[in-house]
Amino acid sequence: MHGIKTVGVVGAGQMGGGIAQVAAVAGFQTIVYDAYPASIERCKADHPKRLGRLVEKGAMKKEEADAALGRLKYVSALDAFGSCDIVIEAIVEDVKAKHDLFVKLAEMFAKIPGEQILATNTSSISITEIAAATRHIKGPSVAAPEQVIGMHFFNPVPVMKLVEVIKGLATSQRTTERTISLATAMGKTPIPANDRPGFVSNRVLMPMINEAFYAWMEGVAEPAHIDEIMKLGCNVPMGPLRLADFIGLDTCVHIMDVLADGLNNDRYRACPLLRQLVIAGRLGDKSGRGVFEYPKK
Ligand code: 3HC
């Protein structure tokens, strides 16, 4: 019932690359764009490796991997998105950058017949606020606020089952149903949530991660022990401090700021030690050191 054949992905980083991979494997024509040519090149090189690995493991046949790769197109201009039925944005977590992009996309789709959906993979920015950027755009076919929705994927996208589907204030029921149907067709489990700070996932996860930093800062236990206690005691694949490194400590601080400001409650303020590590440039896996060290492979 989603009626979607072509998926556009803006942002070819870890999340965008993963989303594109999953869409192509699920049989959708997939177009990937990134403003940085180096990101596109990395993504283009990464997809055959990742799909090749799945073939090696017996999780996929070689013909299926080749067919998925054949459905992936990498482009250097947004104009190529005219044929997309949905665009999933996975760029930097910056309100202004997202506004600018959504306005550009909505203006483009206003001139093209269809009911294109504009989805954002934001982890914490309000869907209503992103959608509002498109409200002045009119045309015979308008991807206006009713067609803007949150599709929050989890890292690593090919592995994680959940897509948190977030309805903004103006998102239509039809857009929500089509998005849920698409996420299911992509092999994911879509679960709806409302547009409140952090939605459900980060509203619950981030305070837990933040508390682990407090436990470390106050000397309750050393980092490796905090993680081991949580892994073995709560049956999670990564302890909260390892997970913070995996997500990025700067992202954790950013989401805590969104929670503290959006919910107007200081109990969501980022732990000073977490903030200090970010200031020191210890961002986690991506910088080679966060709570733990990650020597280059
Ligand atoms: N991309 C694609 N596939 C990946 C991957 C990646 N980046 N990382 C791991 N995998 C897959 C691979 O298929 C791998 O098998 P392979 O090594 O044979 O190729 C398989 O997962 C298992 O990986 P590993 O053996 O390397 O390691 P683990 O068994 O420890 O699993 C993990 C790695 C899947 C990352 C697991 O530790 C895990 O599930 N961790 C928790 C992840 C999590 O909680 N993510 C959510 C973060 S919150 C978020 O994203 C929201 C945001 O808003 C903050």
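Residues numbered from 1 in each chain as written. Predicted model: local features only at pLDDT ≥ 70, side-chain atom pairs only at ≥ 80, totals over all residues. Heavy atoms only, no water.

S.K.: How should the site of the ligand be read in this particular structure?
M.R.: In the vicinity of the ligand, 17 residues are found, and the nearest of them are Arg53, Lys57, Ser123, His152 and Asn155. One nitrogen or oxygen atom from the side chain of Lys57 is found 2.9 Å from an oxygen atom belonging to the ligand. Against a free-state accessible area of 1000 Å², the protein chains account for coverage of 66% of the ligand. Contributions of two or more residues to the shell around the ligand are made by α2 (37-56), α7 (201-217) and α9 (240-247). A class-by-class count of the residues in the shell around the ligand yields 10 nonpolar, 4 polar and 3 charged. Both of domain 1 (6-193) and domain 2 (202-287) provide at least three residues apiece to the shell around the ligand. (Near = heavy atom within 4 Å. Polar contact = N/O pair within 3.5 Å; in protein donor to acceptor, adjacent residues only side chain to side chain. Areas by Shrake-Rupley, 256 points an atom, 1.4 Å probe, with all protein chains shown as cover. Helix = DSSP H or I, 4+ residues; strand = E, 2+ residues; numbered from the N terminus. Nonpolar A, V, L, I, M, F, W, Y, C, P; charged D, E, K, R; others polar. Domains from an automatic or database assignment.)

S.K.: Help me understand the environment of Lys104, please; the structure alone is not making it clear to me.
M.R.: Its place among the elements puts Lys104 in helix α4 (residues 95-110). Here the alpha-carbon distance between Lys104 and Val157, two residues 53 residues apart in the chain, equals 26 Å.

S.K.: What should I look at first to understand helix α1 (residues 14-25) in this one?
M.R.: Spacing of three or four residues puts side chains on the same side of an α-helix, whose turn is 3.6 residues. For α1, built from 12 residues, the straight-helix expectation of 16 Å at 1.5 Å per residue is met to within 8% by its first-to-last C-alpha distance of 17 Å. Burial runs high along α1: 9 of the 12 residues are buried. Taken together, the buried positions of α1 are occupied by Gly16, Gly17, Gly18, Ile19, Ala20, Gln21, Val22, Ala23 and Ala24. (Expected span 1.5 Å × (residues − 1). Buried < 20%, exposed > 50% of the residue type's maximum accessible area, 1.4 Å probe, protein only.)

S.K.: When you look at the packing of helix α8 (residues 223-234) against α9 in this model, what are you seeing that I'm missing?
M.R.: The relative placement of two packed helices is expressed as an angle between their axes plus a distance between the axes. Where α8 meets α9, the closest approach of the two axes is 7 Å, and the angle between their N-to-C directions is 105°. Looking at the two axes, α8 sits roughly perpendicular to α9. Between α8 and α9, the residues in contact are Pro223, Ile226, Asp227 and Met230 and Pro240, Leu241 and Arg242, respectively. Tallied by class, the residues present in the contact of α8 with α9 amount to 5 nonpolar, no polar and 2 charged. (Axes fitted to C-alpha atoms, helices over the stretch in contact; angles between N-to-C directions. Parallel < 35°, antiparallel > 145°, perpendicular 65-115°, else oblique. Contact = heavy atoms within 4.5 Å.)

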